[in-house]
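A structural walkthrough
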Amino acid sequence: MEKIKIMLVDDEERFLSTTKKLLIKKGYETLTATSGAEALETLKQKNIHVVILDVKMPGMDGIETLKEIKRQFPLVEVIMLTGHATVESAIDGLKSGATDYLMKPTGIEELLEKVEEAFEKRLRLEEKIRLAQTRKFMKSPREILRES
Amino acid sequence: MKPKPYGALKKTILTCMILVPFIPFILVLGIGYYNFTASLEGATISTMKRIVEDHRQMIESFLNERSGDLKYILDSYPFDVLRHTENLQRVFENLRKVSQAFVDLGIFNADGLHVAYVGPFQLTGRSYGQSPWFQEVIKKGYYISDVFLGYRQIPHFIIAVAKEDSDQRWVIRATIDTHRFNELVKSVRIGKTGEAYLLDADGTFQTERRSGGTLMQKDAERYRYGTSHEGIKTFIDNDVQGQTYLYATTWLKDKSWLLVVRQEKSDAFKSLQNATYVIVMISVLGGAGIVAVAFFLTGRIIRRMERMDAEKDQLGQQLIRASRLAEIGEMAAGFAHEINNPLQIIKNEYTLIDMILAELKEKGQLRETEDVTELQDSLDQIHKQVERCATITQAILKFGRKSESVPQDLDLPAFIPEVTEMVAKKASVHGIAIKQNISQRLNLVHVDPGQLQQVLLNLYNNAIDAIIERHGSAGGELSIEADAISNAHVEIRVTDNGSGIRSENLKKIFTPFFTTKPVGKGTGLGLAVCYGIIAKMGGEMTVDSQENVGTTFSIRIPAAV
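Residues numbered from 1 in each chain as written. Chains lettered and ligands numbered in written order. Predicted model: local features only at pLDDT ≥ 70, side-chain atom pairs only at ≥ 80, totals over all residues.

1. Considering the overall build of chain B
Assigned secondary structure in chain B consists of 12 helices and 16 strands. Long-range contacts, defined here as pairs at least 24 residues apart, represent 62% of the contacts in chain B between residues at least 6 apart. (Helix = DSSP H or I, 4+ residues; strand = E, 2+ residues; numbered from the N terminus. Contact = placed C-beta atoms within 7 Å.)

2. Quick word on the environment of F553(B)
Residue and element names in this part refer to chain B. Residue position: F553 is located in strand 16 (residues 550-558). Take F553: there are 24 C-beta atoms within 10 Å of it, and that puts it in the buried class. When the C-alpha positions of F553 and L459 are compared, they lie 7.6 Å apart, and in sequence the two are 94 residues distant. (Buried ≥ 20, exposed ≤ 12 C-beta atoms within 10 Å, placed from the backbone.)

3. Overview of the confidence of the model for chain B
Looking at chain B, pLDDT values average 85 and 96% of them are 70 or higher. Among the prediction metrics, the complex's ipTM stands at 0.80, with pTM recorded as 0.46. (pLDDT = per-residue confidence, 0-100.)

4. Some words on the pairing of strand 14 (residues 489-496) of chain B
Residue and element names in this part refer to chain B. Bridge analysis of strand 13 (residues 476-484) against strand 14 gives seven bridges, and the strand direction is antiparallel. Across the sheet, residue E481 finds its bridge partner in strand 14, namely R493. Taken together, strand 13 and the strand that follows it, strand 14, pair antiparallel across an intervening segment of four residues. Summarising the sheet, strand 14 and strand 16 pair through eight bridges and their orientation is antiparallel. Bridging from a neighbouring strand, H489 pairs with P558 of strand 16. (Pairing = 2+ DSSP bridges.)

5. As for the interface of chain A and chain B
One frequently used descriptor of interface size is the decrease in accessible area upon assembly of the parts. At the junction of the two partners, chain A supplies 18 residues and chain B supplies 19 residues. For the side of chain A that touches chain B, the element with the highest residue contribution is helix 1 (residues 13-25) of chain A, accounting for seven residues. By residue class, the composition of the side of chain A that touches chain B is six nonpolar, seven polar and five charged. (Nonpolar A, V, L, I, M, F, W, Y, C, P; charged D, E, K, R; others polar.)

6. Quick look at the sheet that holds strand 4 (residues 157-164) of chain B
Residues and elements named next belong to chain B. If you walk across this open sheet you meet the five strands as 2-1-5-4-3, and the pairing is antiparallel. Both outer strands of the open sheet, strand 2 (114-118) and strand 3 (142-144), are each paired with one neighbouring strand and no more. On average, each strand axis in the sheet is inclined to that of its neighbour by 15 degrees, with strand direction left out of account. The sheet contact formed by strand 1 (residues 102-108) and strand 2 spans four bridges and is antiparallel. Each bridged residue has a counterpart across the sheet, and for I107 the counterpart in strand 2 is A116. Across the sheet, helix 4 (residues 132-140) is in contact with strand 1, strand 3, strand 4 and strand 5 (169-176); its angle to strand 3 comes to roughly 140 degrees. (Axes fitted to C-alpha atoms, helices over the stretch in contact; angles between N-to-C directions.)

7. Details of the sheet that holds strand 8 (residues 244-252) of chain B
All names here are of chain B. Judged by pairing direction, the sheet is antiparallel, and its four strands sit side by side in the order 6-9-8-7 without closing on themselves. The open sheet has two free edges, formed respectively by strand 6 (195-200) and strand 7 (232-238), since each of these has just one partner strand. On average, each strand axis in the sheet is tilted by 25 degrees relative to the strand beside it, whichever way the strands run. Note that strand 6 and strand 9 (residues 257-264) share six bridges and pair antiparallel. Note that in strand 9 the partner of Y197 across the bridge is V260. The strands touched by helix 1 (residues 7-76) are strand 6, strand 7, strand 8 and strand 9; relative to strand 8, the strand with the most contacts, the crossing angle is about 35 degrees.

8. Here's the deal with the nonpolar core
All names here are of chain B. By size, the foremost hydrophobic cluster in this structure holds 60 residues, and its most contacted members are A160 and L259. The contacts of A160, once residues within four sequence positions are left out, are W133, V137, Y142, Y143, V171, I172 and R173. I396, V447, Y460 and A482 belong to the second largest nonpolar core, which has 40 residues in total. (Core = buried A, V, L, I, M, F, W, Y, C linked by C-beta atoms within 7 Å.)

9. Focus on the pairing of strand 2 (residues 29-33) of chain A
Looking along a regular strand, one sees side chains alternate from face to face of the sheet. All names here are of chain A. Across five bridges, strand 1 (residues 5-9) lies against strand 2 in parallel orientation. Bridging across to strand 2, V9 finds its partner in A33. Taken together, strand 1, helix 1 and strand 2 form a β-α-β motif whose crossover is right-handed. (Right-handed = clockwise from strand over helix to strand, strands pointing away.)

Below, the structure written as structure tokens:
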């Protein structure tokens, strides 16, 4: 099975470093970014499965970053992490394509549970896409050729 | 609420309300009284004048008739017939048939010698040639005397008429019964004290006066009547005894006699007095009525203003409370958010330490010494306290957030018991008896069931806590009542017999973060949240409590339309 690649996006350096250490200890490949822009840059270079995104950040905020990620990398699963329990911000996030949301302070176990769920969702989605492409290929191999 | 200084306003309103109707009231009454008394006085005086006039005519016609009688005799019989006493006697008897007023009758020749006389006295042969009355009658043809004593020494007056025959001049004279004349003059009857009498030019009584005044005496008031005048004179004056009279006077018999009719003023103006009493009574009653109404209305106005003030104050307080709640909510939410970030870091750090410790132990690099156990205990404590902080910030965020409510029509008689059931177990464990008295005829309410449930559960839990605090695990009572207070409002009351709330705390009970529960047990947000929820429903939440007796929370929510 493929190893889950997680990216943490938050403006709190200490949160990033400690959480990264924890995730690595738990056996996950982990990257960090301190801003939305940095996160998008990293996504371009690395294949990341799940992004954990803080809602409130200076500069480009969580929701904006989420929308950009979903636009550029639709297959990446995003879990919103919020210090604010407003249903509105959670709904905003979910509407913009977030897989789930978590409220600070959250435990590492809880976090990983959501990550696993998100990753499974992504796997299912990839499976479906593969299946669809196979069908398309079976129907008209010529089109596949044209695409490639 | 501070008492408002309505004293001055009250005085102003009262003054206006008394004066404004009072001035026209008094004016109308005064003008009415003046006109009424004036016309009544006029009527009384003119009545008096008419009586005097009638009386004068009567007296004058009596005198004219008597002198007419004598003239008739003069014209009917020659001197030679009448000079014989027996003839005169016959004539006198006929005369007496006409009028009983004649006392005697006498015939005089031109020298004034009494040639014949019929009457109670012996006057034949006396000469009256030099008497003033005889000279007067010779001159004028007739004469009516004042009352005088004469030879007889009794008061009387005479009527004499002269006749000029071709050969001689002669005179017939009759004495008038003063008693009869007296009765005639006195016969006036007006009210209780009305009386009439005659005076001569010197003010001597020619007839008796009923209220005192004998014949031939001088009237003590004679100076008041003034000199002779035309027509009838009326005036009001005091007599010598100080009694006030209404007088009406007129001169008769060529202005030698004065007819006086008088009546005590109080008697004459009796109806005036009655009218005055009535008017005084109306004034007093009307005035009292005006004052009473003024006091009543002023009281009502002031009470109403005070009530409106109280309502305004209450509304103001509610607004302040609501805006303060919103402010605090916002601030608290921001605050909680900021706290959550460091909490997250602490939590992760703790997890890391915990993990590393476990690894170290696993690898055998760390022996299970007392220090390590203490370290582990301390770490657990950090974990616990972080969780506690998290609970608080979650509560604050819940309070601060503008959660959307989904209202629906709710049947309280079904809904409330369902919510109550949720705490039934907890209550029975602590020996609390639950009484529910919910009117079955409640209007539906249009609210979010989740929110109402939250409010009710909060109140139930508070009540149970208060009961446990006071009673321990026996003797608690929790009662839930619901009824319609009007068509538009439903009231739910949650009453416990718990420890109650101290009066100084009662004001702060809905303030966020206010709690009397021990540290770590309450956030002080429960009732603040409830208050906010009910206020948003368009309802009202109030509390009534007495220490060591119990507490009642009342929720008033509008019925569904």
